[in-house]
Number of protein chains: 2
Amino acid sequence: MRPFHVALIGLGTVGTGVAKLLVEHADRNARRAGRSIVLKHVIVRDAQRRRGVALVNGLLHSDVAHAIEDPEVDAIVEVMGGTDLARRHLLAALNAGKDVVTANKALLCVHGDEIFAAAKRNGRTVCFEAAVAGGVPVIAGVGQSLSGNQITGIEAILNGTSNYILTQMSATGSAFDDVVKEAQALGYAEADPTMDIDGTDAAQKLAILVRIAFGTKVQPADFVRQGIDTLEASDLAYAAELGYAVKLLARAKLTGGKLELHVQPTLVRRDRPLAQVDGARNMIAVDGDAVGTVWWSGPGAGQMATASAVVADVIDLAVGRAQRTFPQLDLWGDGAPVPLLPIENIRRRSYFRFNVEDRPHVVADIADVLGRHEISLASIIQHEAPDLGEADDPPQEMHPIVPLVVMTHRATEGQVRAAEAEFARLSALRGPWVRMPVAD
Amino acid sequence: MRPFHVALIGLGTVGTGVAKLLVEHADRNARRAGRSIVLKHVIVRDAQRRRGVALVNGLLHSDVAHAIEDPEVDAIVEVMGGTDLARRHLLAALNAGKDVVTANKALLCVHGDEIFAAAKRNGRTVCFEAAVAGGVPVIAGVGQSLSGNQITGIEAILNGTSNYILTQMSATGSAFDDVVKEAQALGYAEADPTMDIDGTDAAQKLAILVRIAFGTKVQPADFVRQGIDTLEASDLAYAAELGYAVKLLARAKLTGGKLELHVQPTLVRRDRPLAQVDGARNMIAVDGDAVGTVWWSGPGAGQMATASAVVADVIDLAVGRAQRTFPQLDLWGDGAPVPLLPIENIRRRSYFRFNVEDRPHVVADIADVLGRHEISLASIIQHEAPDLGEADDPPQEMHPIVPLVVMTHRATEGQVRAAEAEFARLSALRGPWVRMPVAD
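Computed from a predicted structure; not experimentally measured. (Residues numbered from 1 in each chain as written. Chains lettered and ligands numbered in written order. Predicted model: local features only at pLDDT ≥ 70, side-chain atom pairs only at ≥ 80, totals over all residues. Heavy atoms only, no water.)

**Q** Requested: an account of the overall build of chain A, with residues and values cited.
**A** Regarding its fold elements, chain A presents 15 helices and 17 strands. Taken over the C-alpha atoms alone, chain A extends approximately 85 × 45 × 35 Å along its principal axes. Here chain A holds 440 residues, and the buried ones make up 58% of them. Put simply, 76% of the contacts in chain A that link residues at least 6 apart link residues at least 24 apart. Total accessible area on chain A is roughly 17,200 Å²; 49% of this is exposed by carbon and sulfur atoms. Seen as two clouds, the 44 positive and the 53 negative side-chain charges of chain A have centres 9 Å apart. (Helix = DSSP H or I, 4+ residues; strand = E, 2+ residues; numbered from the N terminus. Buried < 20%, exposed > 50% of the residue type's maximum accessible area, 1.4 Å probe, protein only. Contact = heavy atoms within 4.5 Å. Areas by Shrake-Rupley, 256 points an atom, 1.4 Å probe, with all protein chains shown as cover. Lys, Arg positive; Asp, Glu negative; His and termini not counted. Charge placed at Lys NZ, Arg CZ, Asp CG, Glu CD.)

Right under this line is the structure:
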């Protein structure tokens, strides 16, 4: 069989990893694919710069159009990142009759419709295993291995940076800002970690999974989304006291024929597999109506882990598998997508940490607000206030501020938001409070 | 596209689950496959017996040859179990030009060579996702999603029954026999649980994984294999005291170009994901040279979980994916398979629990034997002996028998076996001792 020819766009961290696997392991790739896989073009902005992989002369250049128009090229692998140029290149490649592989979750979230439609129009294939959870093959898992099931729920830790930060805060009691700095120094967090910390990255990945599992097209703006930057180490300690770990959980759940979606720091019972995922590891729990729950776990980022997923996609194309799988993924949404559950109707338990004045009737005030919105209390933690010195009964203006932790029974987001509007008017509450959902 | 026609051989627990998914979810199967999937024959011994699934008239019969020779049938699904008849049916199906799906690990272990060769000769496909870890799609994971890697190691909990028993013994301190009876009552263990408890079932599954991951053909007889029936609840308690959980671990590891294989109750550090798998759940950790470690976990048995994997294989065939994947799995062993590491050269730490007379010099005797075989002690646990009454210093013949737990540093199986030959001659050791390896 004739060799399968690949053009790589981008030679950053992941691109270098992909080039290494293609060049240094050509023999084993050929064994797995049943034909040679040849890296024919590597497109970079600056072809003169030194690179972390040895490439034969002439491979490296800056002419994308030349690579896309090369009749010998079968597939374009996009690992340049960004959304505008990457979109243009992928559309050009699909229109030129090439299959494409991308690791670009932001691109698929923003321009997925257009890219998938271009693939359909041209009878081509888009592979994107590396776009969700890096080296963990959950796209193949949901799109292929669980094809005998209706997926009923997805719960996932999809952002390694935030999971590393939460793990460290929990283990050391260090403050959020300090752990972020440490994570940056160790390479676990980027110079600007906003997208990781505010849940955007996890929401983009969940949106891709939701599209495959439920046929539903969503944008991160459609989610209840909450970052981890408002949490204190004390929240993780209180959660532990209650028997929970805090995870930035991305969740999609079929509830009465509608889809509940959120990405939030969430209390997860400590004996559940998701609670035991420490450090930068990702985990995805998928519920199928036949199989029950299947878990995937592993490195959600990193050069060679992500390259592993990209190269698996390239081999799938060379074998001819991906071309069979892609048309069945229903990314065009011709089927009936599951509609979203309105945010106000999402029903969960809540954890609150308030900063309150340590004086009589504060707990009663909070319980009263919750009660009037038909939200029942499940548990309360209030530890003894720090000693203020000699005065056993300090004058009113000296009431110390103490944390008060409240866990509620299940209530809708609408009920909880209405209660929060009233909390804002309670004079005994000082500063903003922290709220997190509690996973069932 | 014309419908894809399936004949099902066997309508026991798994067969009924498969029939249910095919009959009750024909619409969604057709969406996933891009064509209808039609169950055309269901072969049973007794076509008159009542069944747990509603089938149209004429579907159920006892004539295997009629189903296999039906020119409309595309694939034969074998879920009858056993090795002799199942082998004959699968060979007949392959020779008649049908693709086959099987959930039968014992069959593949005993007659895999012959079946795979028949498939190759006839240009047909054998699918067997359900044969390993039930609903957990690890065959697709290793054979397809990690194709960009050289697999370097597999560590797995592949037998739910034994994991349930170990979990219960550890949680309750109950004796092995009592937990087995309880597991049988709850349906977690079969009436004759020998194959689960003695490691045969896990070894058969590991042999299939090893064939895909390393190209190496092995039989359970080639393994170091040890069951869980010699363990006492105290072993699990001592392991916990040392910071470990005990799991029936199936392990394959590339060591200096050779393959180390064993299925044994093994001490696993408590903070590792494998140690946290409780109850009947399975977990497979696969190390790839690019990706690092990826974990799969979920239900390794059960009617609908296993049926989920079988139906995924049927859909893969209907889509045309499986026919592309199968020839690349190198099951014929034309490539260079990794040779086995001789058992004597396997190098690990060991846990021993001896029953010893509580008198001077016993620890010294044991340490002396180990030392002469260049095995270093890592830790020792000997708790105070139970009180024998008034005598502070009982006469020699009254030495109580107490457990002595020893953990060693790494040594080869050859060294350890040589030391054990000497232990057998120490008069202070009473009865057989327990030995388990300790995972790195």
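From this point, things continue past the structure.
**Q** So what's going on with the interface of chain B and chain A? Which residues, and what values?
**A** Between chain B and chain A, the residue contacts involve 43 residues of the former and 43 residues of the latter. One can count two salt bridges joining chain B with chain A. In this structure, Asp 289 of chain B and Arg 28 of chain A form a salt bridge, with 2.7 Å as the shortest nitrogen-oxygen distance. Counting across the chain B and chain A interface gives 19 residue pairs in polar contact (both at pLDDT 80 or more). Elements represented by at least two residues in the side of chain B that touches chain A include exactly helix H2 (26-33), helix H6 (138-145), strand E12 (292-299), helix H12 (303-319) and helix H13 (322-325) of chain B. Partitioning the side of chain B that touches chain A into residue classes produces 18 nonpolar, 17 polar and eight charged. Sheet analysis places strand E12 (residues 292-299) of chain A next to E12 of chain B, joined by three bridges and oriented antiparallel. (Salt bridge = Lys/Arg side-chain N within 4 Å of Asp/Glu carboxyl O. Polar contact = N/O pair within 3.5 Å; in protein donor to acceptor, adjacent residues only side chain to side chain. Nonpolar A, V, L, I, M, F, W, Y, C, P; charged D, E, K, R; others polar. Pairing = 2+ DSSP bridges.)

**Q** Lay out the relation of the copies chain B and chain A with the relevant residues and their values.
**A** Least-squares fitting of chain B to chain A yields an RMSD of 0.0 Å, with the transformation described by 0.0 Å of translation along the axis and a rotation of 180°. In symmetry terms, the pair is related by a two-fold rotation axis. An overlap of 100% is found between the interface residues of chain B and their copies at the interface of chain A, pointing to a shared contact surface. (Least-squares fit on C-alpha atoms with pLDDT ≥ 70 in both.)

**Q** Before we move on, can you summarise the nonpolar core with the specific residues and values?
**A** Counting 178 residues, the largest nonpolar core has Phe 128 and Ile 154 of chain A together with Phe 128 and Ile 154 of chain B as its most contacted members. When near neighbours in sequence (up to four residues on either side) are disregarded, Phe 128 of chain B contacts Thr 102, Leu 108, Phe 116, Ile 139, Ile 208, Ile 212, Asp 313, Phe 326, Leu 329 and Leu 331 of chain B. Of all hydrophobic cores here, the second largest spans 34 residues; its members include Leu 11, Leu 21, Ala 103 and Val 311 of chain A. (Core = buried A, V, L, I, M, F, W, Y, C linked by side-chain atoms within 4.5 Å.)

**Q** Before we move on, can you summarise the state of the cysteines with the specific residues and values?
**A** Residues and elements named next belong to chain B. The full count for this structure, using the stated rule, is zero disulfides over all chains. Counting only cysteine sulfurs, Cys 127 is the nearest neighbor of Cys 109, a cysteine outside any disulfide, at a range of 18 Å. Residue class for Cys 127 comes out buried when judged on its relative accessible area of 6%. (Disulfide = S-S within 2.5 Å.)

**Q** Residue-level account of the confidence of the model for chain A, with values.
**A** Chain-level statistics for chain A give a pLDDT mean of 94 and a share of 97% at 70 or above. Both scores are given for the predicted complex: the pTM is 0.95, the ipTM 0.95. (pLDDT = per-residue confidence, 0-100.)

**Q** So what's going on with helix H8 (residues 176-186) of chain A? Residues and values would help.
**A** Residues lying three or four places apart along an α-helix face the same way, a consequence of the helix completing one turn every 3.6 residues. Residue and element names in this part refer to chain A. Along H8, the positions that sit buried rather than exposed are Phe 176, Val 179, Val 180 and Ala 183. Around the axis of H8, the buried residues are gathered within 105° of arc, so they sit on the same side. In H8, those exposed residues whose orientation departs by more than 90 degrees from the buried face are Asp 177, Lys 181 and Ala 185. (Arc of directions from axis to C-beta.)

**Q** Before we move on, could you go through the pattern of salt bridges and cite the residues and values that matter?
**A** In a structure, side chains of opposite charge can pair up when their charged atoms sit close to one another. On inspection of all chains with the given rule, the structure shows 62 salt bridges over all chains. Between Glu 357 of chain A and Arg 430 of chain A there is a salt bridge; the shortest N-O distance is 2.3 Å. With Glu 357 of chain A in strand E13 (residues 347-357) and Arg 430 of chain A in the loop between helix H15 (413-423) and strand E17 (434-438), this residue pair connects regions lying 73 residues apart in the sequence. With relative accessibility at 11%, the residue Glu 357 of chain A sits in the buried group. Taking the relative accessible area as the measure of exposure, Arg 430 of chain A reaches 40% and is therefore partly exposed. Glu 114 of chain B is the partner of Arg 87 of chain B in a salt bridge, and the nearest nitrogen-oxygen pair spans 2.8 Å. Taken as a pair, Arg 87 of chain B in helix H4 (residues 84-95) and Glu 114 of chain B in helix H5 (residues 105-122) lie far apart in primary sequence, 27 residues in all. Exposure remark for Arg 87 of chain B: the relative accessible area of 25% places this residue in the partly exposed category. For Glu 114 of chain B, a relative accessible area of 33% corresponds to the partly exposed category. If you follow the salt bridges from partner to partner, you end up with Glu 155, Arg 251, Lys 253, Glu 260, Arg 272, Arg 410 and Asp 440 of chain A in one network.

**Q** Account for the domain arrangement of chain A, naming residues and giving values.
**A** All names here are of chain A. Segmenting chain A into domains produces domain 1 (4-131), domain 2 (138-298) and domain 3 (346-438). Using only C-alpha atoms to locate each centre, domain 1 and domain 2 end up separated by 29 Å. Across the interface of domain 1 and domain 2, roughly 950 Å² is buried in total on both sides, 60% from carbon and sulfur atoms. When the area that domain 1 buries against domain 2 is broken down by residue, the three leading residues are Lys 105, Cys 109 and Glu 129, summing to 54%. When the shortest N-O distance is used, the salt bridge between Lys 105 and Asp 201 registers 3.4 Å. For the pair domain 1 and domain 2, the interface holds seven residue pairs in polar contact (both at pLDDT 80 or more). Residue classes in the side of domain 1 that touches domain 2 are distributed as six nonpolar, one polar and three charged. (Domains from an automatic or database assignment. Buried area = accessible area lost by both parts, 1.4 Å probe.)

**Q** Explain the packing of H6 of chain B against helix H10 (residues 200-214) of chain B to me, using residue names and the numbers behind them.
**A** Residue and element names in this part refer to chain B. At a minimum axis separation of 9 Å, H6 and H10 run at an interaxial angle of 15°. In terms of their interaxial angle, H6 and H10 are classed as roughly parallel. For the pair H6 and H10, the sense of crossing is right-handed. Residues Val 138, Ile 139, Val 142 and Gly 143 of H6 form the contact with H10, whose own contacting residues are Ile 208, Leu 209, Ile 212 and Ala 213. (Axes fitted to C-alpha atoms, helices over the stretch in contact; angles between N-to-C directions. Parallel < 35°, antiparallel > 145°, perpendicular 65-115°, else oblique. Left-handed = near helix turned anticlockwise from the far one by under 90°.)

**Q** For the sheet that holds strand E1 (residues 4-9) of chain A, give the residues involved together with the corresponding values.
**A** All names here are of chain A. The strand order E3-E2-E1-E4-E5-E6 describes an open sheet built from six strands, whose pairing is parallel. Each edge of the sheet is formed by a strand with only one pairing partner; in this case those strands are strand E3 (60-61) and strand E6 (126-127). Judged from the two bridges that link them, strand E2 (residues 37-43) and E3 form a sheet pairing that is parallel. Bridge assignment links Val 42 to a residue of E3, and that residue is Leu 60. Contacts from helix H12 (residues 303-319) reach E1, E2, strand E4 (75-78), strand E5 (99-102) and E6 within the one sheet, and its direction differs from that of E5 by about 165°.

**Q** For a nonpolar patch on the surface, give the residues involved together with the corresponding values.
**A** All names here are of chain A. Where nonpolar side chains cluster on the molecular surface, the patch consists of Val 363, Leu 377 and Ile 380 and spans about 190 Å² of accessible area. Assignment of secondary structure puts Val 363 in helix H14 (residues 362-372). A relative accessible area of 31% means that Val 363 is categorised as partly exposed. (Patch = residues over 30% accessible without salt bridge, like charges linked within 9 Å, V, L, I, M, F, W, Y side chains within 5 Å.)

**Q** Describe the environment of Tyr 238 of chain B, with residues and values.
**A** Residues and elements named next belong to chain B. By the secondary structure assignment, Tyr 238 is in helix H11 (residues 233-241). Through-space distance from the C-alpha of Tyr 238 to that of Gln 382 is 10.0 Å; in sequence the pair is 144 residues apart. Setting aside its immediate chain neighbours within four residues, Tyr 238 contacts Tyr 351, Arg 353, Ile 381, His 383, Pro 403 and Val 405.

**Q** Can you lay out the sheet that holds strand E1 (residues 4-9) of chain B for me, pointing to particular residues and giving the numbers?
**A** Spatially, six strands are ordered E3-E2-E1-E4-E5-E6 (chain B) in an open sheet, and the strand pairing comes out parallel. Lying at the two open borders of the sheet, with one neighbouring strand each, are strand E3 (60-61) and strand E6 (126-127) of chain B.

**Q** An account of H15 of chain A is requested, with residue identities and associated values reported.
**A** Regarding H15 of chain A, the residues found buried are Glu 413, Gln 415, Val 416, Ala 419, Glu 420, Glu 422 and Phe 423 of chain A. Close packing links the buried residues of H15 of chain A with E13, H14, strand E16 (411-412) and E17 of chain A.

**Q** Would you mind going over the packing of helix H4 (residues 84-95) of chain A against helix H5 (residues 105-122) of chain A in detail, with residue names and values included?
**A** Between two packed helices, the angle of one axis relative to the other and the distance separating the axes together describe the packing. All names here are of chain A. One way to put it is that H4 packs onto H5 with a least axis distance of 9 Å and a crossing angle of 10°. Classed by the angle they form, the pair H4 and H5 counts as roughly parallel. Each of Asp 84, Ala 86, Arg 87, Leu 90, Leu 91, Leu 94 and Asn 95 in H4 lies in contact with H5, whose residues at this interface are Leu 107, His 111, Glu 114, Ile 115, Ala 118, Ala 119, Arg 121 and Asn 122. Looking at the contact of H4 with H5, its residues break down into eight nonpolar, three polar and four charged.

**Q** For the packing of aromatic side chains, give the residues involved together with the corresponding values.
**A** One pass over the full model with this rule turns up 16 aromatic pairs over all chains. Residues Phe 116 of chain A and Phe 326 of chain A carry aromatic rings whose centres are separated by 6.1 Å and whose planes lie at 50° to one another, so their mutual orientation is tilted. Taken together, the residues span a long stretch of sequence, with Phe 116 of chain A in helix H5 and Phe 326 of chain A in the loop between helix H13 (322-325) and E13 at a distance of 210 residues. Every member of this aromatic cluster is reached through a ring pair, and the members are Phe 352, Phe 354, Phe 423 and Trp 433 of chain A. The positively charged end of Arg 281 of chain A is found above the aromatic ring belonging to Trp 295 of chain B, 4.5 Å away from the centroid. (Phe/Tyr/Trp six-rings, centres within 6.5 Å; stacked < 30°, edge-to-face > 60°. Lys NZ or Arg CZ within 6 Å of the ring centre and 35° of its normal.)

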